[in-house]
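# Survey of secondary and tertiary structure
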Amino acid sequence: MIIAVDGPTASGKGTISKELAKHFSLPFLDTGLLYRAVGWTLRLQGGNADDPIDALNACTFDGQLLDNPDLRSETIGGLASRVSIHPQVRRALDKRQKDFAYQSAGAVLDGRDIGTVIAPDADVKLFVTASSEARAVRRFEEMKRRGEPVNFDDILADILKRDARDQNRSAAPLKPAEDADLLDTTDLTIGDAIQQAIALVNAKINRRRDKDPA
Ligand code: DC
């Protein structure tokens, strides 16, 4: 079974995807980390994130880099969003994600274009959203916990900028697949959001079973 989970930053999709992978015993890939690794490598190489050639040259990162917790910083997230608009970069990361999605054990992948481009025939597609304010509050609390200097207005502005870039790029923009189930987590605790996601997956499996009994 392939479960595709897409949505904007801080919507809860990362936590939900990890829990779905655990619940259904499936391998999990956070595809945002691949774009973050490109952003990280580009910074080390002194490249310009808006230059497609510099960004492509940064796609040759070592797989071990994906374990580096520093990839999760806001700065690297911003660079990841900038390099991800280049079709060359998306093509360079395409095979790795498709190989993961179509492995025989099945998979859960989270990202922006999993249900639309990477695994368009995924068994289950979830599009996880939340209002920009709710997402900014979550990011604010998370950064405060990590002891990072935070300003709410800056965080909200950054989220809006990142959304606009992810949604308006021409290559694989962030949008729900036509057959995706929407999960709005604005007013949900993370525990409730996970339970609803599990229920949506089970409902989809049951619908398919009813339509196509073995
Ligand atoms: O999910 P994240 O915040 O770690 O992703 C960082 C950036 O990477 C995001 O702003 C856009 C890009 N990205 C993408 O374009 N496609 C994906 N499948 C995953 C992430």
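Relevant structure appears above.
The structure contained in this document is the topic of the report that follows. Every value quoted in this text rests on a predicted model; they were computed, and no experiment measured them.

What counts and how
Residues numbered from 1 in each chain as written. Predicted model: local features only at pLDDT ≥ 70, side-chain atom pairs only at ≥ 80, totals over all residues. Heavy atoms only, no water. Salt bridge = Lys/Arg side-chain N within 4 Å of Asp/Glu carboxyl O. Helix = DSSP H or I, 4+ residues; strand = E, 2+ residues; numbered from the N terminus. Buried < 20%, exposed > 50% of the residue type's maximum accessible area, 1.4 Å probe, protein only. 1 Å grid on protein atoms, 1.4 Å probe; cavity = no way out; pocket = protein on both sides within 12 Å on 5 of 7 lines; lining within 4 Å. Points joined across faces, edges and corners; volume = space filled by probe spheres on them. Nonpolar A, V, L, I, M, F, W, Y, C, P; charged D, E, K, R; others polar.

A few words now on the pattern of salt bridges. In total, this model carries 19 salt bridges according to the counting rule given. A salt bridge links Asp179 to Lys125; its shortest N-O distance comes to 3.1 Å. Of this pair, Asp179 sits in the loop between helix 8 (152-168) and strand 5 (181-184) while Lys125 sits in strand 4 (residues 124-129), placing them 54 residues apart in sequence. Classification of Asp179 by relative accessible area gives partly exposed; the value is 42%. Take Lys125: its relative accessible area is 5%, and that puts it in the buried class. We note a salt bridge from Glu148 to Arg146, for which the minimum N-O separation is 2.6 Å. Assessed through its relative accessible area of 28%, Glu148 is described here as partly exposed. Here the salt bridges share partners, and the residues they tie into one network are Glu74, Arg139, Glu142, Arg146, Glu148 and Arg162.

Next up on the list: the layout of surface pockets. Size it by volume and the largest pocket reaches roughly 970 Å³. Surrounding the largest pocket, 42 residues form its lining, Thr9, Ala10, Lys13, Gly14 and Arg139 being those nearest its centre. Those elements giving two or more residues to the lining of the largest pocket turn out to be helix 1 (13-23), strand 2 (28-30), helix 2 (32-44), helix 4 (74-83), strand 3 (107-111), helix 7 (132-145), helix 8 and helix 9 (190-211). Taken together, the residues of the lining of the largest pocket sort by class into ten nonpolar, 13 polar and 19 charged.

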